[in-house]
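# A structural walkthrough
Each chain is listed here by its residues.
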Amino acid sequence: MAEAQLYAKVANKHRGRSTSALLEPLLAKGFPAHIAQKALVATGQKTIEDAVKWLHSHCNDPSLDDPIPQEYALYLCPTGRLHSRLQDFWKESKRQCGKNRAHEVFPHITLCDFFTCEDQKVELLYDILKRVGDSFSQSFPPSISLTLHASPSYLGFFIDDSQANVLKRFAAAFSSEASALADCHVKPSLKQFHLTLAHRFYPHHQKTLEQLAKCINPGEPCQWVAALYSRDMRFVYYQRLRALFQYKPQNIDELMINAGDLIYVDPAQQSDVSEGWVIGTSHRTGCRGFLPENYTERAHEADTWVKHREYVFDTASRSFPKEPNVKLNGEAHNLGVSRSVTNVLPLQNAALRRAVLVMRHGERVDQVFGKSWLQQCLTADGKYYRADLNFPSSLPRQKDSMKQFECDPPLSCCGIFQSRLIGEALLDQEVTVSYVYSSPALRCVQTAQHVLQGLKLNHKVRIRVEPGLFEWTKWEASRAIPNFMTVAELVEASYSIDTSYRAHFPLSSLVPSESYEDYVSRSSAVIKQITSACPNKGKGVILIVGHGSSLASLTRVLAGLPSRDSGDFAQMVRKIPSLGMCFCEEQKEENKWQMVNPPVKTLTHGANAAFDWRNTILED
């Protein structure tokens, strides 16, 4: 329905021919006029080479003929040393407080918010920007006074009223001419002019963000630039991913990606996608398909925008204040010499008492071979054999039949290797693990065991099996609690189990198909009981091996963050790979926990499909 509205919006518009000097060479190469114009607009109308490259990349783009225009916005952006200081703030605020809405876009003041313009009329916007810029070049403020304003959900610089009035007149002039000459419905910004530093952050981060912002000297030398940007209006509400590695499709419905490619992903379309995969549209090619999620990382919204033209306000001959002040809600703070934000709040050096490392289990065997994996490994008389080298060499003994492993699968051999590798990496970083807790799922116990082996602690630290750490029971395919191996069976199978440990949540307390609220409550209770039960002994780490859901349900409550709603929670869990980790440190002076970077890097690897040499090599 949304796409139909977009088509209706542009279908009856008059489509004229541009006389662009860049367009004629493309027409001479045989490209249709509307497609050539689309390529020029998508590349910012910079060079013929850029447009031809875009056309070749989009040769299989199913939307190439769609008459949907781009959306445009006019921003006032700082350059020079002030821009560098703002970028330092962006980086440090993200490191200390996590990502907030402001990180999606570069530092800017909005002059005219997004509006549509037909492809063949975009050049008129360039001319208008140049003409209006020239008319305001002498009245543009030689420096812009910025006042820091803070609230529980917003932090940013407000513009002095007298200077803001000049900017508003400039925006109104551009809007008026664009509406008249380019047939665009452009609305100049009518709000208080501001430069956002942080938006939609957690209230308990306000103090930290304010302290970082006070280190920005708004009087730093700066040349302001009015810049025209565009974005693809079809993907406004999509997430953006950046490819970390190349992926070559193995099936017809998969997407070819190169390292650095940007992918549009609609969260609403991911519910039926297999675990570890997403379906998205390539910004580079316009093609759509499935791709492995662990080949990507989150990108920013503005990463997919195109910069078209800019007008530089030359104020170099005008003086800057020698002793600039930052005002926080009207209160002046003299800065003198600008300080680096990276020197503020050295939280990493705070006196720490304890740390909690929450880890998802390694690769499980049914993740590779499917739910019927056990059938592939049983002989006619019911004995287990290794049908592929990634199957475990043997299965531990259970008092009941091996069918129980269908609901409680073990790690694959790669999962075992992954777990040991993480343990070795923790050892290299001199991480001291004092306590280990594990979900009762076999894959989690095995992960904990092999991490301890990598740490060379498997004979010193025992695993505490805690049923309260099991995942959200609604996700169990069997709609029943699996028949886990008992502590005695685990000990008999040579797992390093703490037999004296008494679980906070006995197995009998787990309810099939529990509500999301019950799962959140259980997770909150179990993490509080675990941290209370582990005394403060220096900087020892409490290792918790659980499930993908554990990373959010345990750490967010520990850090004092609210739980996500069930829909967002499910989408988030799908993105957590095997051995994904979250790390929380306890701040001694505040008796609070803070999420920080884990002590080791993540583990990323590609798929390796089964190989049949007969069907491949001897195939005609």
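So, here is what we can say about the structure in this document. (Residues numbered from 1 in each chain as written. Predicted model: local features only at pLDDT ≥ 70, side-chain atom pairs only at ≥ 80, totals over all residues. Heavy atoms only, no water.)

Before going further, it helps to spend a moment on helix H14 (residues 548-558). Because the α-helix completes a turn every 3.6 residues, residues three or four places apart line up on one side. With 10 of its 11 residues buried, H14 lies for the most part within the structure. Note on H14: the residue one or two positions beyond its end, glycine 560, has a positive phi of about 80°. (Buried < 20%, exposed > 50% of the residue type's maximum accessible area, 1.4 Å probe, protein only. Helix = DSSP H or I, 4+ residues; strand = E, 2+ residues; numbered from the N terminus.)

Moving on, we come to the pairing of strand E3 (residues 146-150). Judged by which residues are buried, E3 turns out to be one-sided: Leu146, Leu148 and Ala150 face inward and are buried, whereas Thr147 and His149, on the alternate face, are not. Judged from the 5 bridges that link them, E3 and strand E4 (residues 154-159) form a sheet pairing that is antiparallel. In the strand pairing of E4, leucine 148 is matched with phenylalanine 157. Here E3 folds back onto E4, and the loop between the two strands holds 3 residues. (Pairing = 2+ DSSP bridges.)

Counting 55 residues, the largest nonpolar core has Leu76, Leu125, Leu155, Phe174 and Leu197 as the members making the most contacts within it. The next biggest cluster of nonpolar side chains, apart from the first, holds 44 residues, and it includes Trp373, Cys377, Leu426 and Val445. (Core = buried A, V, L, I, M, F, W, Y, C linked by side-chain atoms within 4.5 Å.)

This part covers the pattern of salt bridges. Under the criterion given, the structure shown has 23 salt bridges. A salt bridge links lysine 121 to aspartate 183, with the nearest nitrogen and oxygen atoms 3.8 Å apart. Here aspartate 183 lies in the loop between helix H7 (161-181) and strand E5 (194-199) and lysine 121 lies in the loop between strand E2 (109-117) and helix H6 (122-136), a separation of 62 residues in the sequence. Relative accessible area serves as the criterion here: at 18%, lysine 121 is assigned to the buried category. Look at aspartate 183 and you get partly exposed, because its relative accessible area is 42%. Through salt bridges that share partners, Glu71, Arg101, Arg231 and Glu301 make up one connected network. (Salt bridge = Lys/Arg side-chain N within 4 Å of Asp/Glu carboxyl O.)

On to the sheet that holds strand E12 (residues 306-312). Note on sheets: strands pair through backbone hydrogen bonds, and any given pair is parallel or antiparallel. Taken together, the 4 strands give an open sheet; going across it, the order is E2-E1-E6-E12, and neighbouring strands pair in antiparallel fashion. Pairing within the sheet leaves two strands with one partner each, and these edge strands are E2 and E12. On average, each strand axis in the sheet is tilted by 20° relative to the strand beside it, whichever way the strands run. Pairing analysis gives 6 bridges linking strand E1 (residues 70-78) to E2, with the strands arranged antiparallel. In the sheet register, leucine 76 faces E2, and the bridge partner there is isoleucine 109. Here H6 sits on the sheet and contacts E1, E2, strand E6 (224-232) and E12; the angle it forms with E12, its principal contact strand, is near 20°. (Axes fitted to C-alpha atoms, helices over the stretch in contact; angles between N-to-C directions. Contact = heavy atoms within 4.5 Å.)

Across the sheet, 5 strands lie side by side as E10-E9-E8-E7-E11; this open sheet has antiparallel pairing. Because the sheet does not close on itself, it has two edges, and the strands there are strand E10 (288-292) and strand E11 (296-298). Along the sheet, successive strands turn relative to each other by an average axial angle of 45°, direction set aside. Here strand E7 (residues 239-243) pairs with E11 via 3 bridges, running antiparallel. Opposite alanine 243, over in E11, you have threonine 296 as the bridge partner.

So, on to the side chain of aspartate 408. Structurally, the position occupied by aspartate 408 is in the loop between helix H9 (365-369) and helix H10 (413-428). No salt bridge is formed by the buried aspartate 408; its nearest oppositely charged neighbour, arginine 443, is found at 4.1 Å. Ignoring any residue separated from it by four or fewer positions in sequence, one finds aspartate 408 in contact with Ala441, Leu442, Arg443, Pro482, Phe484 and Met485. (Lys, Arg positive; Asp, Glu negative; His and termini not counted.)

What follows deals with unusual backbone geometry. Residues apart from glycine generally show negative phi values, whereas peptide bonds are mostly found in trans. With a phi close to 50°, glutamine 45 is a non-glycine residue in the positive phi region. By the secondary structure assignment, glutamine 45 is in the loop between helix H3 (33-42) and helix H4 (48-57). Here glutamine 45 falls in the buried class, since its relative accessible area comes to 6%. With a phi close to 65°, leucine 579 is a non-glycine residue in the positive phi region. With respect to the helices and strands, leucine 579 occurs in the loop between helix H15 (566-573) and strand E19 (581-587).

Bear in mind that shape data such as this cannot, by itself, settle questions of function.
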